[in-house]
Amino acid sequence: MRIRNKPWAMDYLKEHSHIVDITHTYKQNIHDFFDEEQPLHIEIGTGMGTFITELAKKNPDINYLGVELDKNIIIRVVEKIVEQDLKNVRLVLLDANFIGEYILPDTVSKIYLNFSDPWPKTRHAKRRLTHNTFLTQYESILKSGCPLQFKTDNRGLFEYSLQNLNAYGMKFEEVRLDLHDDEPEANIRTEYEEKFSGNGNRIYLLKASF
Ligand code: SAM
């Protein structure tokens, strides 16, 4: 995702520290960031935040944490949260490589990965959000039996993820090879999903638990 550098980004984010944690104040303490104590769902790599904000509106009894490493992109999610006055979505400016340090074990009820960067070169495999480096951390923070849900249009990343999750010993609950053929009513399309589907790409989905 290419987005122009905003020199004022950090100042803007500091002014919105009630919505986005840039200093990692809520490390190992995320429930204090929310008004209500409710189940916690996480999206990693929010992009501009259509998915997480729509989901939060539909499910006010769930707390959503968006994890995004790009300060210029996360601003767009903050803007949506402010405009819609959403109380159950909060954000952290964080590289997901550190998610297991930021979130306490056994506290998360669902993790979403949407259109994660594919990193097609083998030497970059460790950067894929479905690599074991990440799976071990997801396993730690997810409550027992709770799912990881993944959507992509990238066939290579989808096949890699199926193989890797299977090798890791995860149990598949749902696998769809064409999500938009008979699209479930509950599906919320992300920005990338709209774009890639509009280009005629097939959308893949998997849901699995540890
Ligand atoms: N999920 C959005 C969608 O479907 O429209 C955005 C997809 S975009 C291809 C991937 C997003 O993940 C980018 O915003 C990128 O900055 C973020 N990202 C990539 N690696 C990340 C990481 N290690 N930790 C947190 N965010 C990451």
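- As recorded in an unreviewed UniProt entry, the protein chain goes by the name tRNA (guanine-N(7)-)-methyltransferase, listed as coming from Lacicoccus alkaliphilus DSM 16010.
- Listed in UniProt under the heading Pathway (unreviewed entry), the comment for the protein chain reads: "tRNA modification; N(7)-methylguanine-tRNA biosynthesis."
- You can read under Catalytic activity (unreviewed entry) in the UniProt record for the protein chain the words "guanosine(46) in tRNA + S-adenosyl-L-methionine = N(7)-methylguanosine(46) in tRNA + S-adenosyl-L-homocysteine".

Some points on the packing of helix 2 (residues 50-58) against helix 3 (residues 71-84)
Here is step 1: Look at helix 2 against helix 3: their axes get within 9 Å of each other, and the N-to-C directions meet at 25°. Here helix 2 is positioned roughly parallel relative to helix 3, judged by the angle of their axes. Seen along the crossing, helix 2 lies across helix 3 with a hand that is right-handed. Contacts between helix 2 and helix 3 involve Thr50, Ile52, Thr53 and Lys57 from the former and Val77, Lys80, Ile81 and Gln84 from the latter.
Here is step 2: Its residues assigned to classes, the contact of helix 2 with helix 3 comprises 3 nonpolar, 3 polar and 2 charged.

Concerning the UniProt feature "binding site: substrate" (unreviewed entry) in the protein chain
Here is step 1: Mapped onto this numbering, the UniProt entry gives "binding site: substrate" (unreviewed entry) at Lys121, Asp153, Thr190, Glu191, Tyr192 and Glu193. The greatest C-alpha distance among the residues just named is 24.9 Å, and with 73 residues of sequence between them they are spread in space as well.
Here is step 2: Relative to the helices and strands, Tyr192 is located in helix 7 (residues 191-198).
Here is step 3: Among the secondary structure elements, Glu193 is positioned in helix 7.
Here is step 4: In contact with Glu193, other than residues within four places in its own chain, are Phe115, Lys151, Leu179, His180, Asn187, Ile188, Gly198 and Ile203.
Here is step 5: Polar contacts involving the side chain of Glu193 include one to the side chain of His180, which spans 2.7 Å.

Section: the packing of aromatic side chains
Here is step 1: Taken as a whole, this structure holds 9 aromatic pairs when the rule is applied.
Here is step 2: Considering the side-chain rings of Tyr26 and Phe33, the 4.1 Å spacing of their centres and the 15° angle between planes classify their relative orientation as stacked.
Here is step 3: We classify Phe33 as buried; its relative accessible area is 5%.
Here is step 4: Ring centres of Tyr168 and Phe210 lie 5.6 Å apart, and the angle between their planes is 75°; this geometry places the pair in the edge-to-face category. Of this pair, Tyr168 sits in helix 6 (residues 155-168) while Phe210 sits in the segment after strand 8 (204-209), and the two are 42 residues apart along the sequence.
Here is step 5: Pairwise contacts between aromatic rings join Tyr26, Phe33 and Phe34 into one cluster.
Here is step 6: For Arg128, the ring lying beneath its charged end belongs to Tyr160, and the centroid distance is 4.5 Å.

Some details on the pattern of salt bridges
Here is step 1: For the structure on display, the rule yields 8 salt bridges.
Here is step 2: Here Asp85 makes a salt bridge to Lys87, at a shortest N to O gap of 2.9 Å.
Here is step 3: With a shortest N-O distance of 2.7 Å, Arg189 and Glu183 are connected by a salt bridge.
Here is step 4: Within the structure, one salt-bridge network assembled from shared partners comprises Glu183, Arg189 and Glu194.

Details of the site of the ligand
Here is step 1: Within the structure, the ligand sits among 19 residues, and Gly45, Glu68, Ala96, Asn114 and Thr190 are positioned closest to it.
Here is step 2: One nitrogen or oxygen atom from the main chain of Glu191 is found 3.4 Å from an oxygen atom belonging to the ligand.
Here is step 3: Within the backbone of Tyr192, one N or O atom sits 2.9 Å away from an oxygen atom of the ligand.
Here is step 4: Calculation on the ligand without its partners gives an accessible area of 600 Å², and the protein chains cover 92% of this total.
Here is step 5: By residue class, the composition of the shell around the ligand is 8 nonpolar, 5 polar and 6 charged.

Basis of the calculations
Residues numbered from 1 in each chain as written. Predicted model: local features only at pLDDT ≥ 70, side-chain atom pairs only at ≥ 80, totals over all residues. Heavy atoms only, no water. UniProt positions renumbered as here; feature names shortened; annotations may be inferred. Axes fitted to C-alpha atoms, helices over the stretch in contact; angles between N-to-C directions. Helix = DSSP H or I, 4+ residues; strand = E, 2+ residues; numbered from the N terminus. Parallel < 35°, antiparallel > 145°, perpendicular 65-115°, else oblique. Left-handed = near helix turned anticlockwise from the far one by under 90°. Contact = heavy atoms within 4.5 Å. Nonpolar A, V, L, I, M, F, W, Y, C, P; charged D, E, K, R; others polar. Polar contact = N/O pair within 3.5 Å; in protein donor to acceptor, adjacent residues only side chain to side chain. Phe/Tyr/Trp six-rings, centres within 6.5 Å; stacked < 30°, edge-to-face > 60°. Buried < 20%, exposed > 50% of the residue type's maximum accessible area, 1.4 Å probe, protein only. Lys NZ or Arg CZ within 6 Å of the ring centre and 35° of its normal. Salt bridge = Lys/Arg side-chain N within 4 Å of Asp/Glu carboxyl O. Near = heavy atom within 4 Å. Areas by Shrake-Rupley, 256 points an atom, 1.4 Å probe, with all protein chains shown as cover.

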